[in-house]
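Structural overview
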Amino acid sequence: MNIEIYPLEKIVIGSASIYLGMTQSEVESVLGKGQCVGSRYYYFNNELALDYNGGKLEFVEFLSGTDGKLRPKIYNVSVFETNAAELFEILKTKNDGPVNDSEHGYSYQFPNISVGVYREAVPEDVNEMIEEAKSFGNPMSDDEIEYEMKRANYWATIGFGSVGYYQR
């Protein structure tokens, strides 16, 4: 299924478009009823989450990372199949302004395009983990290192919201 993110505007899933600002009933007429947990509505086996404010779609988040089935693209680049540093540079360029790095590489917010990305680890953490395991005489296996580097080098989530979403 082809999925394209158009920041500040919409997502296109196959031939269907979901626009920021649509009412919940308008979204449900396209996607059906989502599974509600708290104030979030989940679709596609919890790989897509939608948040509403005042009854209108305000925020969309893809939660599946490299292990999920959904493969959203943004600016014609596959979000979860592109190295985190490479996607960061693309988003930074498109944002054309300050980037919020208050979580020191684990997540970034690009307020001008209202996009945020998150990952569970950063490469420096993995390198420290490898060295620490060696120092305790219990070196990590190649499979463990590969798993941890994947978590550090690819984004786990991407979200986008309405204008000003990341400026609150």
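All of these numbers come straight from a predicted model, not from anything done at the bench.

A word on the sheet that holds strand β10 (residues 107-110). Reading across the sheet, the 7 strands line up as β4-β5-β6-β7-β12-β11-β10 and stay open at both edges, with antiparallel pairing between neighbours. With one partner strand each, in any of the chains shown, β4 (35-37) and β10 form the two edges of the open sheet. Each neighbouring strand pair of the sheet contributes to a mean axis angle of 20°, computed without reference to strand direction. When β4 meets strand β5 (residues 40-43), the two strands line up antiparallel, connected through 3 bridges. By the bridge assignment for β5, Val37 is matched with Arg40. Contacting β5, β6 (48-53) and β7 (56-62), helix α1 (residues 24-31) runs over the sheet at an angle of about 160° to β6. Relative to the sheet, helix α2 (residues 84-95) contacts β10 and β11 (115-118), its axis offset from that of β10 by approximately 25°.

A few words now on the packing of aromatic side chains. Across all of its chains, the model carries 8 aromatic pairs by this definition. Measuring from ring centre to ring centre gives 4.4 Å for Phe59 and Tyr165, while their planes differ by 10°; the resulting arrangement is stacked. In this pair, Phe59 sits in strand β7 while Tyr165 sits in the segment after β12 (157-161), placing the two residues 106 residues apart along the sequence. On the basis of relative accessible area, Phe59 is assigned to the buried category, the value being 5%. Summarising the aromatic geometry, the rings of Tyr108 and Phe110 are spaced 6.4 Å apart at their centres and angled 40° between planes, so their arrangement reads as tilted. On the basis of relative accessibility, which here comes to 13%, the residue Tyr108 falls in the buried class. Feature note: the residues Phe88, Tyr108, Phe110 and Trp155 constitute an aromatic cluster, connected by ring pairs. Over the aromatic face of Trp155 sits the side chain of Arg119, whose NZ or CZ is 4.7 Å from the ring centroid.

Okay, the side chain of Ser64 next. On the secondary structure map, Ser64 appears in the loop between β7 and β8 (72-74). The exposure class assigned to Ser64 is buried, which follows from its relative accessible area of 14%. Ignoring sequence-local partners within four residues, the contact set of Ser64 consists of Glu47, Leu70, Phe80 and Ala156.

For the rest of this paragraph, the subject is the nonpolar core. The biggest cluster of nonpolar side chains holds 33 residues, and the ones touching the most others in it are Ile11, Leu48, Val60, Phe62 and Ile158. The biggest single contributor to this core is α2, with 4 residues. Apart from the residues lying within four places of it in its own chain, the contact partners of Ile158 are Ile5, Val60, Glu61, Phe62, Ile74, Val79, Phe80, Val115, Gly116 and Val117. Listed in part, the 6 residues of the second largest apolar core include Ala121, Val126, Ala133 and Met140.

Our focus in this paragraph is the environment of Arg71. Along the chain, the position of Arg71 falls in the loop between β7 and β8. Distance in space between the C-alpha atoms of Arg71 and Asn2 is 7.5 Å, their sequence separation being 69 residues. Discounting residues that sit within four places of it in the chain, Arg71 has contacts with Ile3, Gly65, Thr66, Phe80 and Glu81. A polar contact of 3.0 Å, which involves the side chain of Arg71, links it to the backbone oxygen of Gly65. Among the polar contacts made by the side chain of Arg71, one reaches the main-chain carbonyl oxygen of Gly68 at a distance of 3.2 Å.

Quantified by volume, the largest pocket comes out at close to 210 Å³. Considering the residues around the largest pocket, the lining is formed by 13 residues, among which Thr66, Asp67, Glu120, Arg151 and Ala156 are closest to the centre. Looking at the lining of the largest pocket residue by residue, the classes come out as 5 nonpolar, 3 polar and 5 charged.

Rules of the game
Residues numbered from 1 in each chain as written. Predicted model: local features only at pLDDT ≥ 70, side-chain atom pairs only at ≥ 80, totals over all residues. Heavy atoms only, no water. Pairing = 2+ DSSP bridges. Helix = DSSP H or I, 4+ residues; strand = E, 2+ residues; numbered from the N terminus. Axes fitted to C-alpha atoms, helices over the stretch in contact; angles between N-to-C directions. Contact = heavy atoms within 4.5 Å. Phe/Tyr/Trp six-rings, centres within 6.5 Å; stacked < 30°, edge-to-face > 60°. Buried < 20%, exposed > 50% of the residue type's maximum accessible area, 1.4 Å probe, protein only. Lys NZ or Arg CZ within 6 Å of the ring centre and 35° of its normal. Core = buried A, V, L, I, M, F, W, Y, C linked by side-chain atoms within 4.5 Å. Polar contact = N/O pair within 3.5 Å; in protein donor to acceptor, adjacent residues only side chain to side chain. 1 Å grid on protein atoms, 1.4 Å probe; cavity = no way out; pocket = protein on both sides within 12 Å on 5 of 7 lines; lining within 4 Å. Points joined across faces, edges and corners; volume = space filled by probe spheres on them. Nonpolar A, V, L, I, M, F, W, Y, C, P; charged D, E, K, R; others polar.

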